[in-house]
Amino acid sequence: MNLQTLIGEPWPDYGLIDSGHGRKLERYGRFRFIRPEPQAMWAPAEASWRADGEFVPGSDEDGGGRWVHSQPVPQHGWPLRWNEVTFQASCTPFRHLGFFPDMAPVWNWMREQVADKPDPQVMNLFGYTGVGTLAMAAAGAQMVHVDASKKSVAQARDNAAASGLDDRPVRWIIDDAAKFVSREVRRGRRYDGILLDPPKYGRGPDGEVWRLEEDLPGLIANCRQLLDADSRFLFLTVYAVRMSAIAIGELVRQAFADLPGTVEAGELVVREEARGLLLPTAIWARWAR
């Protein structure tokens with residue numbers, strides 16, 4: 001299997017400024033924030049950092065924590081932009097800023113896969129606040145956006161309006177991702193591409209429990225049933241650090257063994273602006289026609 005590194009480069013509204021000693025300093029538009037980063041085991045470029053806020057993690061293994069601000073930050077967020085997509089960033093209780101900037105190279109790659117296909121049908125599972133969905137919709141894809149969180153889907157729709165993309169063909173679905181995919185299989189639906197970014201653990205709108213290690217193989221198998229020899233891609237990202245890129249790559253390889261195309265896997269990283277070093281953030285696997 002071909003292992004690759006996908007590198008997230010700085011863009012006007014986002015950049016990894018510096019990293020080290022278990023933390024990272026990032027810019028989100030006009031604001032700077034410090035967040036925990038266990039994989040930044042090296043020393044930072046600068047001994048001291050200036051930031052508008054820092055996320056201080058909780059003391060237990062289950063996470064938690066709080067934001068501490070040194071300067072006023074808009075409570076309800078502020079607009080950022082990636083290419084044609086405008087979206088709202090905010091300091092969430094989950095330590096991130098309402099989107100995942102390391103996914104930018106994935107958005108570009110998906111757009112390339114369907115660039116020559118008229119009106120491609122693409123599904124975004126665990127679509128969150130919809131930046132990936134809107135990146136594809138802006139490029140002409142007909143999207144199905146699925147997330148169990150009513151609040152996240154509402155934010156995604158607000159982001160669509162802010163981007164001037166609310167007239168694009170997007171189906172906004174509030175549902176358990178695994179159940180929705182199972183129903184799509186029974187309906188005989190097909191897609192040209194699928195993006196899925198499953199959490200390590202989660203709950204659906206009706207209390208359904210999602211456990212990555214237990215439920216991912218079945219979800220991938222069902223996603224395979226929604227793709228055919230004319231489809232273009234499946235892209236899977238995993239942020240659970242105890243899993244291996246080789247492991248999820250083999251899972252995808254076996255599921256797609258009967259289709260032409262290639263399977264690759266690797267790490268998702270962000271390039272630091274201070275020194276150009278690469279900070280790993282996630283692992284991924286993909287099938288492409």
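Now for a look at the structure at hand. These figures come from a predicted structure and were not determined experimentally.

## Points about the overall build of the chain
In step 1: Along the backbone of the chain there are 6 helices and 17 strands.
In step 2: Taken over the C-alpha trace, the chain has a radius of gyration of 19 Å; the compact-globule value for 289 residues is 19 Å, and the two agree within 12%.
In step 3: Oriented by its inertia axes, the alpha-carbon framework of the chain measures out at about 55 × 40 × 40 Å.
In step 4: Restricting the contact set of the chain to residue pairs at least 6 apart, pairs at least 24 apart contribute 62%.
In step 5: For the chain, the centre of its 34 positive side-chain charges and the centre of its 38 negative side-chain charges are spaced 2 Å apart.

## Points about the nonpolar core
In step 1: The biggest cluster of nonpolar side chains holds 50 residues, and the ones touching the most others in it are Trp78 and Phe99.
In step 2: In terms of residues, this core owes the most to one element, helix α2 (residues 131–138), which gives 6 residues.
In step 3: Once you skip the residues sitting within four places of it in the chain, Trp78 turns out to touch Tyr28, Arg30, Phe31, Phe33, Val73, Phe87, Gln88, Ala89, Ser90, Cys91 and Leu97.
In step 4: Residues Tyr191, Leu196, Leu216 and Ala285 belong to the second largest nonpolar core, which totals 34 residues.

## Re the sheet that holds strand β17 (residues 278–288)
In step 1: Read across the sheet, 8 strands follow the order β1-β16-β17-β15-β12-β9-β10-β11 without closing on themselves; strand pairing throughout is mixed. Edge positions in the sheet fall to β1 (2–8) and β11 (170–174), since each has one partner strand and no second. When strand polarity is set aside, the average angle formed by the axes of neighbouring strands in this sheet is 20°.
In step 2: In this structure, strand β9 (residues 121–125) lies alongside strand β10 (residues 142–147), joined through 5 bridges in parallel fashion. From the neighbouring strand, Val122 faces β10, where its bridge partner is Met143.
In step 3: Along the sheet, helix α4 (residues 177–187) contacts β9, β10 and β11; its crossing angle with β9, the most-contacted strand, is approximately 150°.

Scoring rules and cut-offs
Residues numbered from 1 in each chain as written. Predicted model: local features only at pLDDT ≥ 70, side-chain atom pairs only at ≥ 80, totals over all residues. Heavy atoms only, no water. Helix = DSSP H or I, 4+ residues; strand = E, 2+ residues; numbered from the N terminus. Rg over C-alpha atoms; globule rule 2.2 N^0.38 Å. Contact = heavy atoms within 4.5 Å. Lys, Arg positive; Asp, Glu negative; His and termini not counted. Charge placed at Lys NZ, Arg CZ, Asp CG, Glu CD. Core = buried A, V, L, I, M, F, W, Y, C linked by side-chain atoms within 4.5 Å. Buried < 20%, exposed > 50% of the residue type's maximum accessible area, 1.4 Å probe, protein only. Pairing = 2+ DSSP bridges. Axes fitted to C-alpha atoms, helices over the stretch in contact; angles between N-to-C directions.

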